[in-house]
Amino acid sequence: MNLRSLSAHVPTFALLIAPALMAQSGPQPPPPVMVFIREEVKPGKGAAHEATEAAWTQAMIKGKSTNYYLGMEALTGPSEAWFLAGYGSFAKWGGAQNEFDANPDLKKEIARIAEQDGELLSGARTFVGARRKDLSFGPDVEIGKMRYMRVRTFRVKQGQNRPFEDGLKVALEGYAKSRYPFSFATYEVVAGQPSPTFVILRPMKSLGDMDLADAADKAFLEVMGEDGRKALSKVFGDSVQFVENQIFSFNPKLTFAGPSTIASDPAFWAPR
């Protein structure tokens, strides 16, 4: 079963706000396992795509699903919608699959809606990554307060994992010394993409964070010094095949937010 069939978005304030009131908001660590669903939405089909997500939501709520995820739309690059579903382990991801398969009525309804959704897409890919805590940076963030996500995908050359990782660890030391003000989580893709691939997620409260990042990057480069900058440039130049940078905007209409996320900002995640 494709994990995409677990997708839903928050349809009404009344259905989801009650559990959110009992949940605790606040910073939380990134999940150890992240499933990425990357959908290529046909140009001009964004509104129709949201409509199919609404139908998905009704089916998932009726089926009492707890497989929450965040949906976001690309502000740069091709017309895409990404969905991020986090799990505490691969076993818990498997449990989510089993929950769906154990509900034949929900499975049948989702299959019907999936056919409609497929007509709005030109392509889709699902891949899964394991969090590399040693390659991540910064304190935990309150994801419910975030509105944007910067995604950097590194395709590493074969046999160059170790040089790439060592270079990134040197960069992390520079970030710490320069007091870099942003947090990011690094995931190593374990299935669904050519290997080795690393995806770095950096949540942002606003696009104004991009302005702050320019100053922070300059401070980082100053800390590294000329020799350090040259060394890093060589390491990444030798080990990386290509880098893709994208900026996304969270869309509550494409999101099936968990209670803790809603509790951070009910007006945004569960609007009336």
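Going by the structure above, here's the rest.
This text gives an overview of the structure that appears in the document.

Definitions and cut-offs
- Residues numbered from 1 in each chain as written.
- Predicted model: local features only at pLDDT ≥ 70, side-chain atom pairs only at ≥ 80, totals over all residues.
- Heavy atoms only, no water.
- Helix = DSSP H or I, 4+ residues; strand = E, 2+ residues; numbered from the N terminus.
- Rg over C-alpha atoms; globule rule 2.2 N^0.38 Å.
- Buried < 20%, exposed > 50% of the residue type's maximum accessible area, 1.4 Å probe, protein only.
- Contact = heavy atoms within 4.5 Å.
- Areas by Shrake-Rupley, 256 points an atom, 1.4 Å probe, with all protein chains shown as cover.
- Lys, Arg positive; Asp, Glu negative; His and termini not counted.
- Charge placed at Lys NZ, Arg CZ, Asp CG, Glu CD.
- Phe/Tyr/Trp six-rings, centres within 6.5 Å; stacked < 30°, edge-to-face > 60°.
- Lys NZ or Arg CZ within 6 Å of the ring centre and 35° of its normal.
- Core = buried A, V, L, I, M, F, W, Y, C linked by side-chain atoms within 4.5 Å.

**Considerations on the overall build of the chain**
Within the chain, the regular secondary structure consists of eight helices and eight strands. In terms of overall size, the chain behaves like a compact globule, its C-alpha atoms giving a radius of gyration of 19 Å where 272 residues would be expected to give roughly 19 Å. Taken along the three principal axes of its C-alpha coordinates, the chain extends 60 × 40 × 40 Å. Expressed as a percentage of the 272 residues in the chain, the buried residues total 44%. A sequence separation of at least 24 residues applies to 87% of the contacts in the chain between residues at least 6 apart. For the chain, the exposed area adds up to about 13200 Å²; of that, 54% sits on carbon and sulfur atoms. In the chain, the 32 positive side-chain charges and the 30 negative ones have mean positions that sit 2 Å from each other.

**What to know about the packing of aromatic side chains**
Using the criterion set out here, one finds 20 aromatic pairs in the structure. With a centroid separation of 5.7 Å and an interplanar angle of 50 degrees, the aromatic rings of Phe-137 and Tyr-175 are classed as tilted. With Phe-137 in the loop between strand 4 (121-131) and strand 5 (148-156) and Tyr-175 in helix 5 (residues 161-177), this residue pair connects regions lying 38 residues apart in the sequence. Under the relative-accessibility criterion, Phe-137 is labelled buried at 15%. Judged by relative accessible area, Tyr-175 falls into the buried class, the value being 14%. Cluster of aromatic residues (ring-pair linked, three or more members): Phe-137, Tyr-175, Tyr-180, Phe-182, Phe-184 and Phe-220. Cation over ring: Arg-147 sits above Phe-268, and NZ or CZ is 3.8 Å from the ring centre.

**Brief notes about the environment of Ala-102**
Examined against the element boundaries, Ala-102 turns out to sit in the loop between helix 3 (90-101) and helix 4 (104-118). For Ala-102, a relative accessible area of 62% gives the class exposed. For the pair Ala-102 and Phe-137, spaced 35 residues apart in the sequence, the C-alpha separation amounts to 39 Å.

**Here we look at the nonpolar core**
Core analysis: the biggest nonpolar cluster contains 21 residues, and Phe-36, Met-72, Val-151 and Leu-201 have the highest contact counts within it. Mapped by element, the contributors of at least two residues to this core are strand 1 (33-41), strand 2 (70-74), strand 3 (80-87), strand 5, strand 6 (185-191), strand 7 (197-204) and strand 8 (240-250). Looking at which element gives the most residues to this core, the answer is strand 6, with three residues. Once residues lying within four places of it in the same chain are set aside, the contact partners of Phe-36 are Trp-82, Phe-83, Leu-84, Arg-125, Thr-126, Phe-127, Gly-129, Tyr-187, Val-199 and Leu-201.

**Quick word on the environment of Pro-31**
Tracing the chain through its elements places Pro-31 in the loop between helix 1 (13-22) and strand 1. Considered as a pair, Pro-31 and Gly-88 are 57 residues apart in the sequence and their alpha carbons are 5.8 Å apart. Discounting chain neighbours no more than four positions away, the residues touching Pro-31 are Gly-86, Tyr-87, Arg-131 and Tyr-187.

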